[in-house]
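This is what each chain is made of:
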Protein chains: 2
Amino acid sequence: MDTNTKLKQILRNEGFRYTPQRQMVWNELRNMGGHHDCEEIYDELKGKGTRVSRATVYRTIEVLARNGLIRKLEVGDGVARYEAKEDGNHHHDHMICIETGDIIEFYNEELERLQEEIAEKHGYELVRHVHQLFVKKK
Amino acid sequence: MDTNTKLKQILRNEGFRYTPQRQMVWNELRNMGGHHDCEEIYDELKGKGTRVSRATVYRTIEVLARNGLIRKLEVGDGVARYEAKEDGNHHHDHMICIETGDIIEFYNEELERLQEEIAEKHGYELVRHVHQLFVKKK
DNA sequence: AGCTCACATGAGACTCAATATCAATAAAGA
DNA sequence: TCTTTATTGATATTGAGTCTCATGTGAGCT
Ligand SMILES: [Mn+2]
Ligand SMILES: [Mn+2]
Ligand SMILES: [Zn+2]
Ligand SMILES: [Zn+2]
């Protein structure tokens, strides 16, 4: 199934409409790759002559995030970034270089396991987590 | 050495002045305990009849954080919270209950070690990290 | 104790990402 | 095609945090 059909199915299934604007935002973020904020997505679409409003980009991003199609990333600089969750895209966390702003992805099974264990130990169920390593080149 | 003398020493050492406002913000956050935002600190001081401006609370919090006297905590709800670093206060991360908003602290040595290891593995030096578990009661 | 002045404060203007408003538009089902 | 109702675009508004600048004050010096 192609990604647009997938988008359509998920939206329809949640009672949302399958609109050109939502397709554009979704496709743009996928094509850009990496981690981008709403303003970047909006500028990119505007640059291509596409007619989408800033408000709709923000709203669409919210809808996509709520439905697990994209992931939100806040590194503490005041803007929320997003990344498309491609089909084969497994969970990962981020390492942010405090000198270049580069974002490197990492995954560690033991780390994931320990978090579950800790939540459990306190009588809680782990729903989601934020894990960011702020680093600099050695 | 009492905490106000410690505050004085650190401020003076960094070229900052030891002012009543800075003492009040520092003492208030310590007395409140837990994790609070600037508005809460401001309201608390105002409620006691203390004369401090909102701008000064924000500026003081920034100074205290920069000098390692307090720690910043951002849980993603748009407001930065702070907690006093008491003398015996070792590093810890936070578990946030998504139902009650409760903040539970945790520390796991193995977790800390793994983070260093991961940064290292990618040729980076770990400067700081953000680690939050969003949980709910089982 | 008094003098000096660079730093700190208070009040309010300002920034900027994000959200809300609302009239106009257009999915989607009948 | 018609009708209903979510969505969109343009813009106003929100709110945490920052900036400005006139006034105040900590602290070094005499
Ligand atoms: Mn993880
Ligand atoms: Mn930690
Ligand atoms: Zn990523
Ligand atoms: Zn804490």
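Look above for the structure.
Definitions and limits used
Residues numbered from 1 in each chain as written. Chains lettered and ligands numbered in written order. Predicted model: local features only at pLDDT ≥ 70, side-chain atom pairs only at ≥ 80, totals over all residues. Heavy atoms only, no water. Near = heavy atom within 4 Å. Polar contact = N/O pair within 3.5 Å; in protein donor to acceptor, adjacent residues only side chain to side chain. Nonpolar A, V, L, I, M, F, W, Y, C, P; charged D, E, K, R; others polar. Salt bridge = Lys/Arg side-chain N within 4 Å of Asp/Glu carboxyl O. Helix = DSSP H or I, 4+ residues; strand = E, 2+ residues; numbered from the N terminus. Buried < 20%, exposed > 50% of the residue type's maximum accessible area, 1.4 Å probe, protein only. Pairing = 2+ DSSP bridges. Contact = heavy atoms within 4.5 Å. Axes fitted to C-alpha atoms, helices over the stretch in contact; angles between N-to-C directions. Donors = N, O, S within 2.8 Å, 3.2 Å for Na, K, Ca; no water. Tetrahedral: all angles 85-135°; square planar, octahedral: opposite > 155°, others 65-115°.

### Description of the protein's contact with DNA strand D
As a structural note, the neighbourhood of DNA strand D is formed by 21 residues, with T19, R22, T56 and R59 of chain A together with R12 of chain B the closest of them. The protein-proximal atoms of DNA strand D, defined as those within 4 Å of the protein, are 68% sugar or phosphate. Contacts to DNA strand D include T19 of chain A, whose side-chain N or O atom sits 2.6 Å from a phosphate oxygen. When the residues that make up the surface near DNA strand D are grouped by side-chain class, the tally is nine nonpolar, five polar and seven charged.

### Observations concerning the pattern of salt bridges
Residue and element names in this part refer to chain A. What the rule picks out here adds up to 18 salt bridges over all chains. The salt bridge involving R71 is made with D93; its shortest N-O contact spans 3.7 Å. Within this pair, whereas R71 is found in strand β2 (residues 70–74), its partner D93 is found in strand β4 (residues 93–97), the two being separated by 22 residues in sequence. Classification of R71 as partly exposed rests on a relative accessible area of 21%. Each of R71, E83 and D93 takes part in salt bridges that share partners, so that together they form one network.

### A word on the sheet that holds strand β3 (residues 80–84) of chain B
Residue and element names in this part refer to chain B. Pairing is antiparallel across the open sheet formed by three strands, whose spatial order is β1-β3-β2. The open sheet has two edge strands, β1 (36–37) and β2 (70–74), and neither has a second partner. Across five bridges, β2 lies against β3 in antiparallel orientation. Note that in β3 the partner of E74 across the bridge is A80. Contacts from helix α2 (residues 20–32) reach β1, β2 and β3, with the element oriented near 85 degrees to β3.

### Side note on the coordination of the zinc ion (ligand 3)
Residue and element names in this part refer to chain A. Listed as protein donors to the zinc ion (ligand 3) are H35 (NE2), E83 (OE), E83 (OE), H92 (NE2), H94 (NE2) and E105 (OE); their distances from the metal cover 2.1 to 2.6 Å. The coordination sphere of the zinc ion (ligand 3) comprises six donor atoms, whose angles at the metal cover 53 to 174 degrees; the geometry is irregular. Between consecutive donor residues of the zinc ion (ligand 3), the sequence gaps follow H-x47-E-x8-H-x1-H-x10-E. You can see H35 sitting in the loop between α2 (20–32) and β1 (36–37) and its partner H92 sitting in the loop between β3 (80–84) and β4, a full 57 residues away along the chain.

Function cannot be read off these values alone, since they describe shape.
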